[in-house]
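Topology and contacts: notes
If you want the building blocks of each chain, they are given just below.
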Amino acid sequence: MTRVTFSPSILSRPVYAPLESHGAGPTIMLCDAEGAAAILDLAERDPAVMDYAHVIYIPSGSDYTVRMRALEARQYHEAPSYDAITARYRKALADATMGTRLYLAGTEGLIGKAAAEALAAGLPAQAIQAEHRGSIARRMQCVHCKGVTEDVTTDPFTCSHCGLTLFVRDHFSRRLGAFQGVCVDAETPGEVPERQEILP
Amino acid sequence: MTIQFNDETFRDDYTFFNSPVAIARFPFPFDKDDYMYSVNMEPHETGPEGTPFDVRFDVDEHYVSEMRDRAITLDEDPLRCQSLPHMELAGWDLLELIMVSKAADYPDLFTLNRDGDRWHWINKPLGIEQRFTFGDPTTLPYGPMEYITRQAQGDFAVLDQREDNLWMDAGMVTSQADWSLDFDIGMNFFEWHAPVPKAHEMGVFQRALKFLMHVNQDTPARRLNWTMTVNPRLDTSPENYHKWGPEKRTITPENVGQKQYLRVELQTFWRLPRSNALAFPIRCYLINLEDLTSVPKWGRRLHRVLRDLPDELADYKGFAVNRPVIVEYLSKFDDGAPTSAGIYPDETDVALNKVPARV
């Protein structure tokens, strides 16, 4: 079960749809974990989308390497982490020609970070598609110390930078690629509600 | 016109106060006895005399102390003032608008001499004199938006207009009702308003956006917004919520009249000539319940508005926890008498309270 239906939320919260092929054209594809399955599905619907594709796959424990290699993208790269490919990804964005499309697939954390990087590089928002697969862990910015905590799965959670206990908002910044975390016991220090798994 | 500037604080010992003149000219936001979101936009025309609506950018007795408070906040957190790279021209537009307006509306306080692009600005209340070249940021100690908004009361958002939308791409935000410029910068109109309950479903933002995109240089607009704040604190930012949050729980029936403030935002909207950006000043006015109820019409009306406000709005505005105490306090000032239309005090109200009829 890698597809998730998110509950309706506020307008700043990103929504995701299955990737849609724009055919053979310059393309960057970046996926992590179960996101590889979304790329495989896209290629099955329209194999031509791979003709000019630069594919970057971060397995994060998933095992799609054989099938991903078999797609025979123009360029294919496997990486151990997002941090490890940041420089490569930035270069791909900087080298991108007019009309290049970006396909992102996988966790919200990867999609958020990678879309923010692409927007900062000048890619228009309309050229970016994102399909969520797998974990619903969130990438959260602490509004107080500004540190980002990756892979947040509970609400509230502890900021990995300043240690405040934060609640998980749906308010999302595309520029930061992160949701907003706000101190949950600001008015009544020490009165922290019980941690719950976040829901889609 | 001479203004006596208060020496006061908006944090720690909270020595902020409103003089009788400031009370009488307070921009009370409710024109009737109930409240719901609406596109309450109107032309920013001047008048009536003495009110905050009488000039383009109101300067009042809190000016000098408010600017001092802004400087403290900026020292602690420079991210309260940000401008995306494409917004510098809009910063110059804003600087021009504010300097020209202040110099014309308060000639005894501000002077602007212009010789081509060589400008000479004098701000007497803050003791600033600056010669600079308009358009050349190296001739100012800060970027143009930061320079001028360190000398102008209220927060400032500067909105870029493109793709049929308005984008929060620059701002100076140190006296906000709990929103973060650092988080919201770069968002479009619908994204940064996303957390507001009910109003999206009511179509308020769609209509407001249409209106705002058609604001022209010669048709500035305004609206009033409001919330409730404990203590006269300008910096009610999410960044510092864990610092001011505990103060919200200090309201008691004994102190509510003095510690609980109605916080009013006079929002104005200005089309900027070179950048086509929209300047969006958000000027904050604070008044505690004790001073507010000295105007009988306002006491009656605020009681009815807060008593009948939908729970979602009280939650969103962040005073649900104190509402029972506030409403109980205000009920003593509501004799059930009918109230007159509009926001201004009645003639008899003013006479009763011995505040100048013309302020």
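Preceding this section is the structure that the text describes.
So, here's what we can say about the structure. (Residues numbered from 1 in each chain as written. Chains lettered and ligands numbered in written order. Predicted model: local features only at pLDDT ≥ 70, side-chain atom pairs only at ≥ 80, totals over all residues. Heavy atoms only, no water.)

**So, the overall build of chain B**
Inclusion rule: Where helices and strands are cited, they refer to DSSP runs of H or I of at least four residues and of E of at least two residues respectively, numbered from the N terminus. Burial status follows relative accessibility: with a 1.4 Å probe on protein chains alone, a residue under 20% of its type maximum counts as buried, one over 50% as exposed, and anything between as partly exposed. Contact criterion: two residues are considered in contact whenever any of their non-hydrogen atoms come within 4.5 Å of each other. Only the protein chains shown count as cover for residues, with accessible areas throughout obtained via the Shrake-Rupley method and a probe of 1.4 Å. By the counting rule applied here, Lys and Arg register as positive and Asp and Glu as negative, while His and the ends of each chain are not counted. Here the site of a charge means NZ on Lys, CZ on Arg, CG on Asp, or CD on Glu.
Helix and strand counts for chain B stand at 14 helices and 10 strands. Burial statistics for chain B: of 359 residues in total, 60% are counted as buried. Here the contacts in chain B between residues at least 6 apart in sequence split such that 72% fall between residues at least 24 apart. About 14700 Å² of surface is accessible on chain B, with carbon and sulfur atoms providing 51% of the total. With 38 positive and 57 negative side-chain charges, chain B shows a spacing of 2 Å between the two charge centroids.

**Things to note about the interface of chain B and chain A**
Heads up, the condition is: The term buried area refers to how much accessible surface (probe radius 1.4 Å) is lost by two components on association, counted for both of them together. The salt bridge criterion pairs a side-chain nitrogen of Lys or Arg with a carboxyl oxygen of Asp or Glu, the two atoms within 4 Å.
Across the contact, 25 residues belong to chain B and 24 residues belong to chain A. Between chain B and chain A, roughly 2000 Å² of surface is buried when both sides are summed, and carbon and sulfur atoms account for 59% of that area. Summed over the three residues of chain B that lose the most area to chain A, namely F183, Y241 and H242 of chain B, the buried surface amounts to 31% of that side. Between chain B and chain A we count six salt bridges in total. Put simply, E239 of chain B and K146 of chain A hold a salt bridge, and the shortest N to O gap is 2.6 Å.

**A word on empty space enclosed by the protein**
Residues and elements named next belong to chain B. Defined as follows: Within this scheme a cavity is a closed region of a 1 Å grid, computed over the protein atoms alone, that accommodates a 1.4 Å probe without allowing it to escape, whereas a pocket is open but has protein on both sides within 12 Å along at least five of seven lines; lining residues each have an atom within 4 Å of a point. Grid points are joined across faces, edges and corners, and a volume is the space filled by probe spheres set on the points. Nonpolar residues are Ala, Val, Leu, Ile, Met, Phe, Trp, Tyr, Cys and Pro. Charged residues are Asp, Glu, Lys and Arg, and all others, Gly as well, are polar.
Under the definition given, this model contains four cavities of 30 Å³ or more. Of the volumes computed, that of the largest cavity is approximately 110 Å³. R56, F57, D58, P281 and R283 are the residues nearest the centre of the largest cavity, which is lined by 14 residues in total. Taken together, the residues that form the lining of the largest cavity break down as seven nonpolar, three polar and four charged.

**What about the side chain of T293 of chain B?**
Residue and element names in this part refer to chain B. Stated precisely, the cut-off is as follows: Think of a polar contact as two N or O atoms within 3.5 Å of one another; within protein, one of them needs to be a possible hydrogen donor and the other a possible acceptor, and neighboring residues in sequence only count if both atoms come from side chains.
Within the element layout of this structure, T293 appears in the loop between helix 10 (289–292) and helix 11 (296–308). A distance of 3.1 Å separates a polar atom in the side chain of T293 from the backbone oxygen of E290. With near-sequence residues (within four places) excluded, T293 lies in contact with G299, Y329, L330 and F333.

**Side note on the sheet that holds strand 4 (residues 101–106) of chain A**
Residues and elements named next belong to chain A. Note the cut-off: When DSSP locates at least two bridges between a pair of strands, those strands are taken to pair. Angular values range over 0 to 180 degrees, each being the angle between N-to-C directions of two axes fitted as lines to C-alpha atoms, with helices fitted over their stretch in contact.
Spatially, 3-2-1-4-5 is the arrangement adopted by the five strands of the open sheet, whose pairing is parallel. The open sheet has two edge strands, strand 3 (75–78) and strand 5 (128–132), and neither has a second partner. Each strand of the sheet is rotated relative to its neighbour by a mean of 10 degrees, with strand direction disregarded. Running over the sheet, helix 4 (residues 108–120) touches strand 1 (27–32), strand 2 (53–58), strand 4 and strand 5 and is turned about 160 degrees from strand 4.

**Some words on the state of the cysteines**
Simply put, the disulfide is a covalent bond whose two ends are the sulfur atoms of two cysteines. Residues and elements named next belong to chain A. So the rule is basically this: Working definition: a disulfide is two cysteine sulfur atoms within 2.5 Å of each other.
Evaluated as defined, the whole model comprises zero disulfides over all chains. In this model C145 remains outside any disulfide bridge; the closest cysteine sulfur is found in C159, 3.8 Å from its own. No disulfide involves C162; its sulfur sits 3.7 Å from the nearest other cysteine sulfur, which is in C159. Relative accessible area serves as the criterion here: at 37%, C162 is assigned to the partly exposed category.

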